[in-house]
Amino acid sequence: MALSSRFSSKILRSTCRLARRYLCSSISNNNVTFPERVFSGIQPTGIPHIGNYFGAIKNWVKLQDAHENVMYSIVDLHSITVPQDPAVLRENIMSMTACLLACGIDPDRGILFQQSQVPWHTELAWILGCNCSLGRLDHLPTWKEKSAGMKDAMLGLYTYPVLQAADILLYKGTKVPVGEDQTCHIELSRALAKLFNNRFGHYFPQPEVLLTEAPRIKSLRHPDKKMSKSEANIKSRIDLTDSPDEILQKVKKAVVDSQSEITYDEEGRPGLANLIGLECAITQKSPSQVCEENIGVMLGQYKVTLADLLIAELTPIKLEMERLLSDRHHISNIIEKGRDKAMEIAGPNIAEVKSLVGFK
Ligand code: AQP
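These figures come from a predicted structure and were not determined experimentally. (Residues numbered from 1 in each chain as written. Predicted model: local features only at pLDDT ≥ 70, side-chain atom pairs only at ≥ 80, totals over all residues. Heavy atoms only, no water.)

Q: Explain the overall build of the protein to me, please; I cannot follow it from the model alone.
A: When you go through the protein residue by residue, the secondary structure sums to 14 helices and five strands. Judged by the C-alpha coordinates and their principal axes, the protein covers about 95 × 45 × 45 Å. Counting across all 360 residues of the protein, residues that qualify as buried make up 47%. Nonlocal contacts in the protein, meaning residues at least 24 apart in sequence, comprise 75% of its contacts between residues at least 6 apart. Per element, the accessible surface of the protein, about 18,300 Å² overall, is 55% carbon and sulfur. If you average the places of the 42 positive and of the 41 negative side-chain charges in the protein, the two averages end up 10 Å apart. (Helix = DSSP H or I, 4+ residues; strand = E, 2+ residues; numbered from the N terminus. Buried < 20%, exposed > 50% of the residue type's maximum accessible area, 1.4 Å probe, protein only. Contact = heavy atoms within 4.5 Å. Areas by Shrake-Rupley, 256 points an atom, 1.4 Å probe, with all protein chains shown as cover. Lys, Arg positive; Asp, Glu negative; His and termini not counted. Charge placed at Lys NZ, Arg CZ, Asp CG, Glu CD.)

Q: What am I meant to see in the pattern of salt bridges here?
A: Once the charged atoms of two side chains with opposite charge are near each other, the side chains can pair. Counted according to the given criterion, the structure contains 14 salt bridges. With its nearest N and O atoms 2.9 Å apart, the salt bridge here joins Arg269 to Asp257. Linking Arg269 in the loop between α10 (244-252) and α11 (270-283) with Asp257 in the loop between α10 and α11, this pair joins segments that are twelve residues apart in sequence. Residue classification places Arg269 among the buried positions, given a relative accessible area of 3%. In this structure, Arg339 and Asp340 form a salt bridge, with 3.1 Å as the shortest nitrogen-oxygen distance. With relative accessibility at 40%, the residue Asp340 sits in the partly exposed group. (Salt bridge = Lys/Arg side-chain N within 4 Å of Asp/Glu carboxyl O.)

Q: In this structure, what is going on with the site of the ligand? I would like to understand it.
A: Within the structure, the ligand sits among 19 residues, and Thr45, His49, Ser228, Lys229 and Ser230 are positioned closest to it. Between Lys146 and the ligand, the recorded distance is 3.1 Å, taken from a side-chain N or O atom to an oxygen atom. Lys229 is positioned such that a nitrogen or oxygen atom in its side chain is 2.3 Å from an oxygen atom of the ligand. Computed on the free molecule, the ligand has an accessible area of 630 Å², of which 94% lies beneath the protein chains in the complex. A class-by-class count of the residues in the shell around the ligand yields five nonpolar, nine polar and five charged. (Near = heavy atom within 4 Å. Polar contact = N/O pair within 3.5 Å; in protein donor to acceptor, adjacent residues only side chain to side chain. Nonpolar A, V, L, I, M, F, W, Y, C, P; charged D, E, K, R; others polar.)

Q: Before we go on, may I ask you to explain the side chain of Ser95 in this structure?
A: Within the fold, Ser95 resides in helix α4 (residues 86-103). Among the residues examined, Ser95 registers a relative accessible area of 4% and is labelled buried. Once residues within four sequence positions are removed from consideration, Ser95 is found in contact with Ile47, Met321 and Leu325.

Q: Teacher, can you tell me more about the nonpolar core here?
A: One broad trend across soluble globular proteins is that nonpolar side chains are buried collectively. The biggest cluster of nonpolar side chains holds 57 residues, and the ones touching the most others in it are Ile50, Phe54, Leu100 and Leu310. Apart from the residues lying within four places of it in its own chain, the contact partners of Leu100 are Ile42, Ile57, Trp60, Ile74, Ile105 and Leu112. (Core = buried A, V, L, I, M, F, W, Y, C linked by side-chain atoms within 4.5 Å.)

Q: It is not clear to me how the side chain of Arg237 should be interpreted in this structure. Could you clarify?
A: Counting through the fold element by element, Arg237 comes out in the loop between β5 (208-211) and α10. The exposure class assigned to Arg237 is buried, which follows from its relative accessible area of 8%. With sequence-adjacent residues up to four places away left out, Arg237 is seen in contact with His49, Leu220, Met227, Ser228, Lys229, Glu231, Asp242 and Lys250.

Q: Help me out: how do you make sense of helix α7 (residues 141-148) in this one?
A: Think of an α-helix as 3.6 residues a turn; residues three or four steps apart then line up on the same face. Along α7, the residues classified as buried are Thr142, Trp143 and Ser147. All buried residues of α7 lie within an arc of 110° about the axis, which places them on one face of the element. Within α7, the exposed residues directed more than 90 degrees away from the buried face are Glu145 and Ala148. At its buried positions, α7 is contacted by α6 (134-138), α8 (155-169) and α9 (183-200). (Arc of directions from axis to C-beta.)

Q: Explain the packing of aromatic side chains to me, please; I cannot follow it from the model alone.
A: Think of a pair of aromatic rings as described by two things: how far the centres are apart, and how the planes are tilted against each other in angle. Within the structure shown, the criterion is met by nine aromatic pairs. Arranged with centres 4.4 Å apart and planes meeting at 5°, the rings of Trp60 and Tyr72 form a pair that is stacked. Taken as a pair, Trp60 in helix α2 (residues 50-66) and Tyr72 in strand β2 (residues 70-74) lie far apart in primary sequence, twelve residues in all. Seen from their ring centres, Tyr203 and Phe204 are 5.1 Å apart, and the 75° between their planes marks the pair as edge-to-face. Here Tyr203 and Phe204 have matching classes, each one buried. These aromatic residues form a ring-pair network of at least three members: Phe196, Phe200, Tyr203 and Phe204. (Phe/Tyr/Trp six-rings, centres within 6.5 Å; stacked < 30°, edge-to-face > 60°.)

This is how it looks when you write it as structure tokens:
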């Protein structure tokens, strides 16, 4: 009898707990609308190139005007999914911060912070990872591409999309500006948010992709591949710190076909299409407009005009970056303030997540 009454009161308690959880989740389902928050990140794996700039950073600056809550993270935890030299990584974090500031990211209007300084990204990644089947990660193209040439690919490289989901969800990010190649990762973030919500109560928003309009900038040496910080050949990319002469030389040497007139054909003439895409990214013209304006212009001459446009766009950024990097103390202060602001949002969120999971 005593046993059965203890048993029934235990059932009653757990039923109440379930009912409370259900009521809470249904209240949040019905009444909680998630405030809009834009979240994105960039890896400190080197000096940003014009692909990062036109594909992401320039758009981030615009988003500051259009949205009230924006958060941009220097995602150093992601960068160690491939080996990094500690001294170089330290330097890259400084230069990436300077670069974002020089491009126009304003730490007073949004939050600019270093991912590893907020310890809860990895904590939430673990919690989300415990709800994520291997099958969800196996097919992701970035994993397939990056691990393809590796003898022993590392676990971090495989699970980094889960960390990316944690980055966004830790702040209840609702809008994620990314290039098309990243959309499957945001899909994963949505799936992991849903799995968590179904199991523990409606807590996370479903983050949405904010597709960047800018084209994928291709390598200047291999126009079939995207421009990348980690490509060994520095002639394959134009870094934001390149001098005017370096820019001119790299554009002049960009791989194109042997025809000399200016026409736009992404598949047939990928090298030239990439260069025209760059002009469009700077001037907001359409490829057909660029071709019309360049009837009768020879390719060599077109390359020089494009280099001039790039030099005019990038030189003020380079100079501002140099100015900022001459006062490292100021940059460290900005990183510290960013951490504090990020922790103010992330702290209560991770506490609630832990409570929902049953850690407290
Ligand atoms: N070539 C590109 N064209 C357009 N957008 C690009 N992005 C990167 N390359 C191009 C966009 O830049 C943002 C930050 O990227 P990231 O540094 O976090 O990682 P990534 O995409 O892997 O860039 P990299 O340069 O290729 O770095 P590594 O070599 O370290 O992997 C993202 O929004 C990305 O879409």
